[in-house]
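# Examining the three-dimensional arrangement
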Amino acid sequence: MTVEAWLTSACADAERRGLPELKPLLESLARSMQALRDADEAFGHPAARPPDDAAPAA
Amino acid sequence: MTTASPTDLCHAAALVRAREMSSVTLTTMCLDRIAARNDALRAFITVMGDQALADAKRADAEIADGHYRGALHGIPISIKDLVDIAGIPTTSGSAVTPRHPLHDAPVVRNLRRAGAVIVGKTNLHEFAYGTTSDETAFGAVRHPQDLSRSPGGSSGGAAVSVVEGMAFGALGTDTGGSIRIPAAACGIVGLKPTYGEVSCDEVVPLSVTLDHVGPLARTVRDCAVLFLGMRDGEIAAGAGAQAHGTAWLGIPRAYFFDKLDDDVREMFDRAQSALEKAGHSIGTVEIPLAERAPDVYLHIGLPESAWYHAPMLAAEGDKYSPGVRRRIELGRYVLAEDYLRAMHAREVLRRAVDKALEGLDALLLPTLPIGAPRIGDATVTVGSSEEPVRAMMLRLTQLFDITGHPAVALPCGEGRDGLPRSLQLVGHRGGTERLLDVAAAVEAQIAGGSGSVGGGVG
């Protein structure tokens with residue numbers, strides 16, 4: 001799940017559960033999530049590839 | 001008897017051992033301080049006066065019979081109200097229905113076995129989920145030097161109990177810095193031992209893989225005695241921190257020094273100079289990816305706290321403080337993939353801190369980038385930027401909860417605002433006792449010697 005899709009889904013769920021005040025926290029968490037995912041290669045994720053190599057082969 | 005009031009735990013222990021002061025006298029002193037100041041400071045949720053005096057009488061009788069158990073025997077201490085004590089509700093600082101334990105937590109059992117007298121249970125940030133001790137069902141804990149300010153948290157009541165002479169030592173917990181942060185904000189010593197060294201059983205968890213239990217006290221030696229009591233339940237004669245020799249210290253400049261208030265920077269520099277003058281060797285080290293620690297911390301701590309609180313949120317969600325509830329609810333949205341990503345990153349960070357420590361006795365850095373914040377402030381000015389208080393307070397401590405390295409906070413002087421500033425030493429995993437020895441040596445050089453910014457001892 002992409003961070004963008006996750007954020008849309010999480011905000012909708014929080015709204016449905018009557019917790020709209022979670023939205024700014026979810027947005028902040030989304031930024032943190034993206035930063036953590038972007039650091040996969042730096043953290044030596046066993047399947048991480050450098051950005052240039054990340055696109056699937058045509 | 002005209003003996004002066006003891007200044008710290010080890011001083012009190014020496015008086016008790018020599019039978020120059022009784023445990024009942026010490027305990028009465030602490031209970032009197034609680035009676036005089038607790039309404040204003042809200043350090044304690046439960047005061048165990050009758051039980052404490054009964055325990056103190058028993059300790060005096062044992063000592064009179066020649067059965068001295070060690071440096072905690074007859075010494076009044078406080079316990080954070082996140083930890084089970086048989087027959088006393090564990091409120092966790094919350095309006096949620098408390099636990100009613102039938103048994104002491106193992107760490108409490110150990111402290112009792114070492115002879116400690118428990119005077120009561122201290123106030124905290126609700127469920128330890130915060131750094132300011134102002135979200136609690138028992139009223140915000142107040143800083144003893146300025147009632148408009150926070151003593152830090154989450155072990156805010158524990159720190160205040162020591163500063164105010166309501167106890168000679170305190171048990172706190174530390175998940176992102178909750179022992180070291182209030183110790184730093186209040187100008188005392190706080191130790192987070194190596195992960196797993198002191199039992200967290202029967203302690204209400206915040207984050208099961210990040211939680212640590214440890215002591216707060218006036219001096220490093222006091223913390224060493226409490227640490228041994230918590231871990232082992234006994235303190236051998238002569239045990240505790242020994243300030244001998246000089247140390248090899250490394251300062252991790254990148255990230256940790258990016259956002260500091262001017263007073264923290266100045267007090268740290270003075271402490272560094274004093275240590276170098278005393279013969280300690282100090283260099284610079286790197287901890288790669290330390291700047292990602294807040295992201296790793298969030299993705300581990302949030303889901304772990306959500307897991308523990310799920311049943312209580314379902315039953316009593318409306319009883320939580322709004323801010324604490326929001327943080328717990330947030331944890332329900334962290335994906336398993338990102339939790340595992342953070343757990344993988346954690347191992348990398350652990351190895352990075354291990355590597356930074358190679359050839360050194362300890363890392364040296366500030367504990368808090370700011371002084372004690374005003375209660376209710378969401379942001380604080382650091383340099384020219386406005387920063388979130390919570391993020392600032394966790395910024396320099398949370399990495400070592402992630403990696404499990406032992407870390408100790410030591411006062412290093414006062415800022416222009418008259419409030420304490422603190423430095424932090426981080427030791428090798430499994431090397432808590434060695435870290436305490438180093439901390440005792442550092443304390444001997446900087447205690448009172450770094451003075452205050454703007455006209456201190458200098």
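Residues numbered from 1 in each chain as written. Chains lettered and ligands numbered in written order. Predicted model: local features only at pLDDT ≥ 70, side-chain atom pairs only at ≥ 80, totals over all residues.

### Notes on the overall build of chain B
Selection rule: For helices the rule is a DSSP run of H or I covering at least 4 residues; for strands it is a run of E covering at least 2, with both sets numbered from the N terminus onward. It is over C-alpha atoms that the radius of gyration is taken, and the globule rule equals 2.2 Å times the number of residues to the power 0.38. To sort residues by exposure, count the other C-beta atoms lying within 10 Å of each residue's C-beta; 20 or more gives buried, 12 or fewer gives exposed, and values between give partly exposed, all with C-beta atoms placed from the backbone. Once C-beta atoms have been placed from the backbone, residue pairs whose C-beta atoms lie within 7 Å are recorded as contacts.
A tally of helices and strands in chain B yields 14 helices and 13 strands. Relative to the globule expectation of 23 Å for 458 residues, the C-alpha radius of gyration of chain B, 20 Å, shows essentially globular dimensions. With the C-alpha coordinates aligned to their principal axes, the bounding extent of chain B is approximately 60 × 55 × 40 Å. Counting across all 458 residues of chain B, residues that qualify as buried make up 59%. A sequence separation of at least 24 residues applies to 75% of the contacts in chain B between residues at least 6 apart.

### Structural notes on the overall build of chain A
The helix and strand inventory of chain A stands at 2 helices and 0 strands. Every one of the 58 residues in chain A was classed for burial, and the buried ones make up 21%.

### Examining the pairing of strand β13 (residues 420-426) of chain B
Residues and elements named next belong to chain B. Formally: For two strands to pair, DSSP has to find at least two bridges joining them.
Across the 7 residues of β13, 7 count as buried, placing the element largely inside the fold. Going residue by residue along β13, you find Pro 420, Ser 422, Gln 424 and Val 426 tucked away on one face and Arg 421, Leu 423 and Leu 425 tucked away on the opposite face as well. Across 4 bridges, the pairing between strand β9 (residues 362-366) and β13 is antiparallel. Residue pairing in the sheet places Leu 365 in a bridge with Gln 424 of β13. Strand direction decides the pairing type here: strand β12 (residues 407-414) and β13, joined by 7 bridges, are antiparallel. Pairing of Val 408 across the sheet is with Leu 425, part of β13.

### Some remarks on the sheet that holds strand β1 (residues 44-47) of chain B
Residue and element names in this part refer to chain B. Condition: Only the stretch in contact is used when a helix axis is fitted, and all axes are lines through C-alpha atoms; the angle between N-to-C directions ranges over 0 to 180 degrees.
Pairing is mixed in the open sheet, where 11 strands are placed in the order β1-β3-β2-β4-β6-β5-β12-β13-β9-β7-β8. Edge strands, defined here as strands with exactly one partner in the open sheet, are β1 and β8 (281-285). Neighbour-to-neighbour, the strand axes of this sheet turn through a mean angle of 30 degrees, independent of strand direction. Taken together, the 5 bridges between strand β4 (residues 170-174) and strand β6 (residues 212-217) define a ladder with antiparallel strand orientation. What sits directly across from Thr 173, in β6, is Val 213. The strands touched by helix α3 (residues 49-64) within the sheet are β1, β2 (76-80) and β3 (117-122), with β3 carrying the most contacts at an inclination of about 155 degrees. Lying on the sheet, helix α14 (residues 432-446) is in contact with β9, β12 and β13; it crosses β12 at an angle near 5 degrees.

### Some points on the interface of chain B and chain A
Defined as follows: Charged residues are taken to be Asp, Glu, Lys and Arg, nonpolar residues to be Ala, Val, Leu, Ile, Met, Phe, Trp, Tyr, Cys and Pro, and polar residues to be all remaining types, Gly included.
On the side of chain A, 19 residues touch chain B, which itself brings 17 residues to the contact. By residue number, the principal contributor to the side of chain B that touches chain A is helix α11 (residues 336-356) of chain B, which donates 6 residues. Looking at the side of chain B that touches chain A residue by residue, the class counts come to 9 nonpolar, 2 polar and 6 charged.

### Observations regarding unusual backbone geometry
All names here are of chain B. Cis geometry is adopted by the peptide bond preceding Ser 154, which originates at Gly 153 and carries an omega value of 15 degrees. Locating Ser 154 in the fold gives a position in the loop between β3 and α5 (156-163). Although it is not a glycine, Ser 92 sits at a positive phi angle of roughly 60 degrees. Structurally, Ser 92 is set in the loop between β2 and α4 (106-113). Overall, the presence of 27 C-beta atoms within 10 Å leaves Ser 92 in the buried class. Positive phi, close to 65 degrees, is recorded for Ala 128, a residue that is not glycine. Judged by the 30 C-beta atoms lying within 10 Å of it, Ala 128 falls in the buried class.

### Here's the deal with the confidence of the model for chain B
How we decide: Confidence of the prediction at every residue is given by pLDDT, a number between 0 and 100.
Model confidence for chain B is summarised by a mean pLDDT of 95, while 97% of its residues fall at 70 or above. Confidence metrics for the complex model read pTM 0.95 and ipTM 0.91.

### What to know about the environment of Glu 21 of chain A
Tracing the chain through its elements places Glu 21 of chain A in the loop between α1 (3-16) and α2 (23-38). Expressed as a C-alpha distance, the spacing of Glu 21 of chain A and Cys 11 of chain A, which sit 10 residues apart in the sequence, is 9.6 Å.

### Quick notes on the domain arrangement of chain B
All names here are of chain B. Our working definition: Domain segmentation is taken from an automatic or database assignment of domains.
Here chain B is described as being made up of domain 1 (9-232) and domain 2 (248-293 + 335-446). If you average the C-alpha positions of domain 1 and of domain 2, the two centres end up 24 Å apart. Each partner contributes to the interface: domain 1 provides 39 residues, whereas domain 2 provides 36 residues. Of all the secondary-structure elements, those providing two or more residues to the side of domain 1 that touches domain 2 are α6 (180-186), β5 (189-192) and α7 (220-232). Top element by residues in the side of domain 1 that touches domain 2 is α6. It accounts for 6 residues. Of the residues in the side of domain 1 that touches domain 2, the class split is 17 nonpolar, 15 polar and 7 charged.

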